[in-house]
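Summary of structural features
Here are the chains, one letter per residue:
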Amino acid sequence: MSQQAVKFAYWVPNVSGGLVVSKIEQRTHWGIDYNRKLAQIAEEAGFEYALTQIRFTAGYGAEYQHESVAFSHALLAATSKLKVIAAILPGPWQPALAAKQLATIDQLTNGRIAVNIVSGWFKGEFQAIGEHWLEHDERYRRSEEFIRSLRGIWSQDHFTFKGDFYRFDNYSLKPKPLGRPEIFQGGSSRAARDMAARVSDWYFTNGNSVEGIKAQVDDIRAKAAANQHSVKIGVNAFVIARDTEEEAQAVLAQIIEQADPEAVNAFGDAARQAGKASPEGEGNWAKSSFEDLVQYNDGFKTNLIGTPQQIAQRIVDLKAVGVDLVLAGFLHFQEEVEYFGKRVLPLVRELEAQARLKEQEAAA
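Every value quoted in this text rests on a predicted model; they were computed, and no experiment measured them.

Either a parallel or an antiparallel arrangement is found when strands of a sheet pair, and the pairing is made through backbone hydrogen bonds. Taken in spatial order, the 8 strands close into a barrel running β1-β2-β3-β4-β7-β8-β9-β12, and their pairing is parallel. Each adjacent strand pair in this sheet contributes to an overall mean axis angle of 30 degrees, direction not counted. Here strand β3 (residues 83–88) runs beside strand β4 (residues 113–117); their pairing, made up of 5 bridges, is parallel. By the bridge assignment for β4, A86 is matched with V115. Seen against the sheet, helix α5 (residues 136–155) touches β3, β4 and β7 (183–185) and runs at an angle of roughly 155 degrees to β4.

Now the structure itself:
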């Protein structure tokens, strides 16, 4: 088990509809007032990161959404320690614009901006905004060039790059970021994992069992080592922490019972169609059931549902197979993030300390 403490991030609900495709009440809001307060609660609770989402088209029960980079800056302005990960989609964004936007925000917030490069899976969204649609592996090749361009612009003067998608000739950006903003990415396909093993700082995976996540971690880490690269792993999880297991399971049952079938099935059809376009014929949601798809990123599969003690132990189990960060979603964000910080996170730190002590005793 890593000696480093597992980190925590939360999904920023800058998109309406919450994180479940269900008609159950979700005491959350996509607006800035709610999210400023939430960011402050999360920072106080011990969360290190917040992840803003990027969508250009309304749908699947999420009809309103804020632009990720601008919204991330607003949350950074309301906090002092929290890092915010802004989602950027190659195609609509060019790397020169993104590099300059993020360098400026990094300067203004004392180095607290990070970026999530989203390769894109929803063809209809690209068509709706008039963006050229690339085939599956080509989208990841473009994303890799995007990341290499960001890194070069941020670290070099007179940056020159000749790729298939982006080209730079003797380009210098000033001011540069204070440090090197961390670069995140997601995706479950072979192309996504291989890209992470070459260029990304962090790899986000959809929710899964401990065994399923271990297989992905082992694969990515072996590939990264062969590339003389290292990559950290974040896993998506929908957290339902309650005083009793029965309460937590009852909430899960209510979410699924009140699922919006039309929205869930539309999302599932689009997601599976995107997955079939990959060379291996699978994508993030290839093995997801209707119940799994009620939470957009298979968050129920990670099984952080139960009492604080049960959830803390499962987080430590995830850490034991190589997970470095838990990306958490909640039904009622403000109150549940606060509860997580008070009731779950201290137990995780306690279990981590116990594990370190056992390792030291075994080595003595």
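From this point, the narrative continues.
Here the structure, examined in full by the defined rule, presents 19 aromatic pairs. With a centroid separation of 5.2 Å and an interplanar angle of 5 degrees, the aromatic rings of W30 and Y64 are classed as stacked. With W30 in the loop between β1 (7–11) and α1 (32–45) and Y64 in the loop between β2 (49–51) and α2 (68–77), the pair connects residues that are 34 residues apart, well separated along the chain. Measuring from centroid to centroid gives 6.5 Å for F47 and F330, while their planes differ by 70 degrees, and the two rings are edge-to-face. A residue pair is termed long-range when its members are at least 10 positions apart, and F47 in the loop between α1 and β2 and F330 in the loop between β12 (325–329) and α12 (333–363) qualify at 283 residues.

Here we come to the pattern of salt bridges. Per the counting criterion, the structure on display carries 24 salt bridges. We note a salt bridge from K176 to D157, for which the minimum N-O separation is 3.3 Å. Of the two residues, K176 is situated in the loop between β6 (167–171) and β7 and D157 in the loop between α5 and β5 (159–162); the sequence distance between them amounts to 19 residues. Residue K176 is classed as buried on the basis of its relative accessible area of 17%. For D157, a relative accessible area of 39% corresponds to the partly exposed category. As a salt-bridge pair, R190 and D194 come within 2.8 Å of each other at their nearest N and O atoms. Placement of both R190 and D194 in helix α6 (residues 190–199) is noted, with a separation of 4 residues, approximately one turn of the helix. Residue classification places R190 among the partly exposed positions, given a relative accessible area of 28%.

Conventions we followed
Residues numbered from 1 in each chain as written. Predicted model: local features only at pLDDT ≥ 70, side-chain atom pairs only at ≥ 80, totals over all residues. Heavy atoms only, no water. Pairing = 2+ DSSP bridges. Helix = DSSP H or I, 4+ residues; strand = E, 2+ residues; numbered from the N terminus. Axes fitted to C-alpha atoms, helices over the stretch in contact; angles between N-to-C directions. Contact = heavy atoms within 4.5 Å. Phe/Tyr/Trp six-rings, centres within 6.5 Å; stacked < 30°, edge-to-face > 60°. Salt bridge = Lys/Arg side-chain N within 4 Å of Asp/Glu carboxyl O. Buried < 20%, exposed > 50% of the residue type's maximum accessible area, 1.4 Å probe, protein only.

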